[in-house]
Every structure is written in structure tokens, then in C-alpha cells.
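# Observations on the model geometry
Each chain, letter by letter, is given below.
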Amino acid sequence: MPGLLLTPDTEFKTLKFKKLHPTFAAEVDGVDFSAPIPDDVFKEILAASAKFGVVVFRKTGLDDLGHVEFSRRFGDLDDIRPYMVNGRKPRYEYYELFDAGNIDSETNTVLMPDSARAQYNKGNALFHVDSSFNPRRASYSILKAHELPPPNTGGNTGFADSRTAFDELDPELKAKLLEHDYVGAHSLYSSRKKAAPEFFKDVDVTKYPMHRHRIVQRHEPSGRMNLYIAAHLDHVVDLPSTESQELMEKLMDHVTQEKYTLSIPWNDPGDLVIWDNT
Ligand SMILES: [Fe+2]
């Protein structure tokens, strides 16, 4: 984790913002992706991400290598090879790039809805925190548009402001969370089963490793508290199952209220959205 990246003295000299929601997310202007980004401008990008949680850059013009090189400046990158299961082939040259699309790499057509990968991908449409099922939490996700579906056929990416949702929790529930300091057990199979129960009916989530993360955490770059929950969260450790289920549902219902969420449209290839999962 990078430590505090946003202080009351943080000044934005280069970046210009258009707010997309009253409490988080902004579209950013002022970055030239066609040339190396100077360190001071990159620092502003980090501070903007700490401030807004979700930052959107339109028509960056970045190619795959540029995408990887830009991403490398944020820290160690994940490797997609563990996700290349069931004969799935990467569509990109770089193992740092994860294909979040719905195109079959063999046929170059849209996945059939009943295909294994389409069923697997359904879990990605639930509100989730990227890689929360890993022992090492992912900080930033940096998603770039390659080819867009026809207009008005969907494809937006949705976000929830889990920091403001924590701030505005019912005071009694907030005190309870802070007092108990609950730990959540996360599993990729948990979200797969929630989204496609029939397809994954024979998968026993408890047979796979789960990784534990505190439910209430301090978001280090901003110093704010955050609710670290969502679809990969399988259960709350050391709580009876009904109580665990109730708590998870209550928190999910709270965070996903309309007032904390935002749906961001992709306008053009090259559009880039950075969000902070922590
Ligand atoms: Fe994701």
C-alpha cells in the first residue's frame, strides 16, 4: 500500500476535473498519454484517485504496451496466468492485461450465453471488489476500452462509494463493526455461485481456499474508512451462519443504494477508468 497520497495541502496544478457524482468519481482532463507522463503529473493522478476513488480519462490513445507501462507506475502488477483455466487463451500479448470482455478468443465473436465462460463471467456483473479473494489485495484496477458494443446495448461499468457508505452507516451498526473488527472470508467461487447457481451447483465453495480481510479498513491513500465487502465475500469469520448472512446482506444493501452508486458509460476505444479497490 502506498500510504497517504492526499492531504489538505494537495494541489492539482495540471489535472482538471468534472465531477460525476456528489461524493465520488470524476472525469479527468489535462493528461497527455502520447508522451511520458511527468512525475509531478503522475503524483496528481495518484492524489486524484485517492480523492475520487474512480477517475475516468477519455480517448487516451494508449495501446497495450502503453497500458502496461502506465499501470506499472502504480506498483507491482498482477499476472493473469492463474485465470487461464479450461483452455482459455489470452487475447493480449501481455500477461499483465486481463480480458474483461465478452468475446470468444477462438471465434472472435460474442460469447454464447450458455458457454462456460459466459456463465463464469456472470459473477463479474455482481458488485465486487477486484481480487478480494486473493491474500494480497489488489489496489488499483485500470480498465481500458478496446471495442465497444453498439450504442444503447449496455456495457457500462458500475461503481459504489463504499467509503461514504461507511461514513453514513447507522451509528449503532458502525459502532458494532468497529468494536468487533469483523473479518470476512472471500472466495472467487462464492461470487460465481451467487451469479450462476445452476451452472456451479456442484461446486462446494468450502473446498477451495478463502482469503481473509477485515471488513472495515482504513483506506490508506485518503485516510478514510472503507467497507471491504461485496460479491466475493463468502462469510463473516466466527459468526454463526445466519448472523453472518444477515450482516453481509445488510451491508450489501446499504452500499449498493442508488445514492452511493454510479454507472459510467464507455464512449470511445481508449477510454480508461482507474478505480481503487481498497
Ligand atoms: Fe472486476
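Residues numbered from 1 in each chain as written. Predicted model: local features only at pLDDT ≥ 70, side-chain atom pairs only at ≥ 80, totals over all residues.

- The protein chain appears in an unreviewed UniProt entry as TauD/TfdA-like domain-containing protein from Exophiala bonariae.
- Quoted verbatim from the Sequence similarities (unreviewed entry) field of UniProt, the annotation for the protein chain is "Belongs to the TfdA dioxygenase family." (UniProt positions renumbered as here; feature names shortened; annotations may be inferred.)

## Some words on the pairing of strand β8 (residues 216–219)
- Pairing of β8 with strand β9 (residues 224–227), which is carried by 4 bridges, proceeds in the antiparallel orientation. By the bridge assignment for β9, R218 is matched with M225.
- In this structure, the hairpin formed by β8 and β9 is closed by a connection of 4 residues, where G223 is found at a positive phi of approximately 80°. (Pairing = 2+ DSSP bridges. Helix = DSSP H or I, 4+ residues; strand = E, 2+ residues; numbered from the N terminus.)

## Digging into the nonpolar core
- Grouped together as the largest cluster of nonpolar side chains are 39 residues, with contacts concentrated most on V28, A48, F52, V54, V55, L227 and I229.
- Among the secondary structure elements, those contributing two or more residues to this core are β2 (26–29), α1 (39–52), β3 (54–57), β5 (157–160), α4 (162–167), β10 (233–236), α7 (241–255) and β12 (272–276).
- Element by element, the count of residues in this core is highest for α1, at 6 residues.
- Here V54 is in contact with F24, A25, F159, V273 and W275, once residues within four sequence places are set aside. (Core = buried A, V, L, I, M, F, W, Y, C linked by C-beta atoms within 7 Å. Buried ≥ 20, exposed ≤ 12 C-beta atoms within 10 Å, placed from the backbone. Contact = placed C-beta atoms within 7 Å.)

## Observations concerning the sheet that holds β10
- Taken together, the 3 strands give an open sheet; going across it, the order is β7-β6-β10, and neighbouring strands pair in antiparallel fashion. The two strands at the open ends of the sheet, each matched to only one other strand, are β7 (211–214) and β10. Between one strand and the next, the sheet's axes are offset by a mean angle of 35°, whatever the strand orientation.
- Summarising the sheet, strand β6 (residues 183–186) and β10 pair through 3 bridges and their orientation is antiparallel. Bridge assignment links H186 to a residue of β10, and that residue is L233. (Axes fitted to C-alpha atoms, helices over the stretch in contact; angles between N-to-C directions.)

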